[in-house]
Amino acid sequence: MELKDKLISSFMAFENRVDIDHPVHDIRTEAIKVFEEKGFPSKKDELWKYTSLNTLLKNNYSVFPKDEPGLEFKDVKKYFIHDIDSYKIVFIDGIYSSHLSQTSHEGLDACLMSSALNKPKYRTVIEKYFNKIAKKDDSLTSLNTAFSREGAFIHIPKGKVVEKPIQIIHFATGNEASLMLQPRSLVIVEENAQVQIIERHQSTTENAVFTNSVTEIFVHERAIADYYKIQNDKQSASLIDNTYIAQEKNSHASVHTFSIGGKLTRNNLQFLHKGEYINSTLKGITIIEGKQHVDHSTLVHHSEPNCESHQDYKGIYADKSTGVFNGRIIVEKEAQKTNGFQQSNNILIDDKATINAKPQLEIFADDVKCSHGCTIGQLDDEALFYLQTRGIPEKEARALLMYAFANNVLESVKIPEVKIRINKLIAMKLGVNIGFDL
Amino acid sequence: MLKINNLHASVEGKEILRGINLEVNPGEVHAIMGPNGSGKSTLASVIAGNEDFEMTEGSITMENEEITDLPPEERAHKGIFLSFQYPVEIPGVTVTNFMKTSINESRRAQGLEEMPANEMLKKIREKSELLEIDRKFLSRSLNEGFSGGEKKRNEIFQMAMLEPKLAILDETDSGLDIDALRVVANGVNKLKNKDNAVVLITHYQRLLQYIIPDFVHVILDGKIVKSGGKELAFELEDKGYDWVKQEVAV
Ligand SMILES: Nc1ncnc2c1ncn2[C@@H]1O[C@H](COP(=O)(O)OP(=O)(O)OP(=O)(O)O)[C@@H](O)[C@H]1O
Ligand SMILES: [Mg+2]
């Protein structure tokens, strides 16, 4: 049976596991219809021209994970940023793991989507926010919505500055030969509140995993939300990450995406503006090899005046790896004095590597500052020679140049331990043992 | 220390070095002069291991070991240093971190531990003072936006940090103002001892007033056509290269 049919037919079984009288269930029922009608995206869709899901969809995924999977902290410690104090919301094969987690209801909610959906005290919040900015006609988002049941629920009340980061980790154990996961998360940052979130999807075996994740993030007036995505999964794991962010007046939101591992990774990242003087930052470092594929599809929708957005993506592609950068900026007629910047710089290490970079600016206002730049190049041989004459071996010299090329993306990372971790991951990926403490 | 024997090198099928012979011993200072395009930088590059040039004939040995097949970094590990005529800008790598990486990679090649951080800092401070380099330069990206003179001074700072056995300085003097020239020359002289050697590529004898050469060589068209003592530099400055060319023709 095709995956699409399998998913549609398992929706009924899914309904036995959730409260179908909850208002969210109407949303799920609508969503499965959208998915049924649209199916998985194909290369015919303009936004999926360079990313094919065909091989991924051939696996016979199990869609309901077995219960009681186990992981010991010592075995997965390395996937946490473990040298800092943090809240942790951890899932194993889609199921909440209380022994790996450290949730909170004190002064903030850092807990589970399932409890937010089940407990009456969250009813109004869920009704106000759930599926309000996720794209309703998007097939993969709808698929996630239809099966939405578990994920992270984070609610930071007015004025609360959360002093330690929140880590969300989705582990896949390989209990099933191949597994499909659909985490659904909701983050609400109320007025003047501040939060930092680190997210990771991680398999612990080489069994196939296909994750279709949706996260909705609401950033209210003068609030600050910083989100870090560490994508360094096994080569058997693929991820479609759909992240929707709505910002109110004077808020700041940033998303840093570090795409190093994984077989196929697609990041759909959308920012919506609902007030003036909003600041949005979208940054990414992609370093891939072999047959890896990473696709960044971004959208910043400027609909109010005096806002700014900064997009800065660096990509390094070796072997036969492929990258896509599809960066859209829309500036509505009302959005005067918008500053919208976009930058995509790429290095192709090998002849067979490819990058498709397509900036799309749709500007309807006349008093705006928008720019986009896209470069595709190779490593500079002269620079390489220069470094080598100083005793730095070729491999290390290449790594240093690649790191130098990408590192300004790291400058805006506010958590030092995250920066250190990313440096290490990059060094490991490039097969060198040098400290990039530039 | 360095022995170059009948060195021929070409780029894109065009022969640029056409039989260079040169021997540099510990404690010596050699100056190489010659008109534009005569092959001075090419010679320096080939010694340092630039693969853009194809060595078609001859040999280069460093301390009696053939280095022709060694990559640039291994030549550096053997103590060869090249101060570039046009130092390359490396955005995103600070001078300090570059020096750390450079020193530690060289140490690693010799099977040594990384240099302890405090020792490294001390050394950086010492050498930057020697070359009168403002500390704020050290946290800037390597050569990026440096003025011509600043780049040259930075090259000699790197030399001071790496303490090579053989330093080849390719037109380090051009671009330096009068005071900077004195500082840089003074730095080179301080680093000079009986066990190391310097090859100066220059167009002007001004530098040679500060760093006094034991030998002066003239390159014409990819060949050393004349060698002499330091007085040869004065003669060249005075009369140009035409008389050398005529001498060669005869
Ligand atoms: N990569 C290259 N490709 C083609 N020709 C080259 C290349 N590098 C050097 N050449 C040529 O080789 C010749 C020697 O160049 P080189 O830079 O060694 O001269 P030079 O003696 O250092 O001159 P100057 O005094 O101007 O620095 C020149 O004619 C130059 O154009
Ligand atoms: Mg030259």
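The rules behind each value
- Residues numbered from 1 in each chain as written.
- Chains lettered and ligands numbered in written order.
- Predicted model: local features only at pLDDT ≥ 70, side-chain atom pairs only at ≥ 80, totals over all residues.
- Heavy atoms only, no water.
- Helix = DSSP H or I, 4+ residues; strand = E, 2+ residues; numbered from the N terminus.
- Rg over C-alpha atoms; globule rule 2.2 N^0.38 Å.
- Buried < 20%, exposed > 50% of the residue type's maximum accessible area, 1.4 Å probe, protein only.
- Contact = heavy atoms within 4.5 Å.
- Areas by Shrake-Rupley, 256 points an atom, 1.4 Å probe, with all protein chains shown as cover.
- Lys, Arg positive; Asp, Glu negative; His and termini not counted.
- Charge placed at Lys NZ, Arg CZ, Asp CG, Glu CD.
- Donors = N, O, S within 2.8 Å, 3.2 Å for Na, K, Ca; no water.
- Phe/Tyr/Trp six-rings, centres within 6.5 Å; stacked < 30°, edge-to-face > 60°.
- Lys NZ or Arg CZ within 6 Å of the ring centre and 35° of its normal.
- Core = buried A, V, L, I, M, F, W, Y, C linked by side-chain atoms within 4.5 Å.

(A) Structural detail: the overall build of chain B. Helix and strand content of chain B: 10 helices and 12 strands. What you see for chain B is a C-alpha radius of gyration of 18 Å, in line with the 18 Å of a compact globule of 250 residues. Its C-alpha atoms put chain B at 60 × 40 × 35 Å along the principal axes. Expressed as a percentage of its 250 residues, the buried residues of chain B come to 56%. By sequence separation, contacts in chain B at least 24 residues apart represent 69% of the contacts at least 6 residues apart. Of the roughly 11400 Å² of accessible surface on chain B, 46% is carried by carbon and sulfur atoms. Measuring between centres, the 30 positive side-chain charges of chain B sit 5 Å from its 41 negative side-chain charges.

(B) Fine view of the coordination of the magnesium ion (ligand 2). All names here are of chain B. On the protein side, the magnesium ion (ligand 2) has Ser 41 (OG) and Gln 85 (OE1) as donor atoms, found 2.0 to 2.1 Å from it. In this pair, Ser 41 sits in helix α1 (residues 40-48) while Gln 85 sits in the loop between β6 (80-83) and β7 (90-94), placing the two residues 44 residues apart along the sequence. Taking the relative accessible area as the measure of exposure, Ser 41 reaches 28% and is therefore partly exposed.

(C) Expanded view of the packing of aromatic side chains. All names here are of chain A. Tallying each qualifying case throughout the model produces 16 aromatic pairs over all chains. Through successive ring pairs, a cluster of aromatic residues spans Phe 73, Tyr 79, Phe 80 and Phe 171. Lying over the aromatic face of Tyr 87, Lys 164 brings its terminal NZ or CZ to 4.5 Å of the ring centre. Positioned above the aromatic ring of Trp 48 is the side chain of Arg 266, whose terminal nitrogen or guanidinium carbon lies 3.8 Å from the ring centre.

(D) Layout of the nonpolar core. Counting 117 residues, the largest nonpolar core has Ile 4, Leu 43, Ile 90, Phe 157, Leu 166 and Ile 168 of chain B as its most contacted members. Ranked by the residues each element gives to this core, the list is headed by helix α9 (residues 394-406) of chain A, at 8 residues. Setting aside anything within four residues of it in sequence, one finds Leu 43 of chain B in contact with Ile 4, Leu 7, Leu 17, Ile 20, Ile 32 and Ile 219 of chain B. Of all hydrophobic cores here, the second largest spans 31 residues; its members include Phe 91, Leu 108, Val 189 and Phe 271 of chain A.

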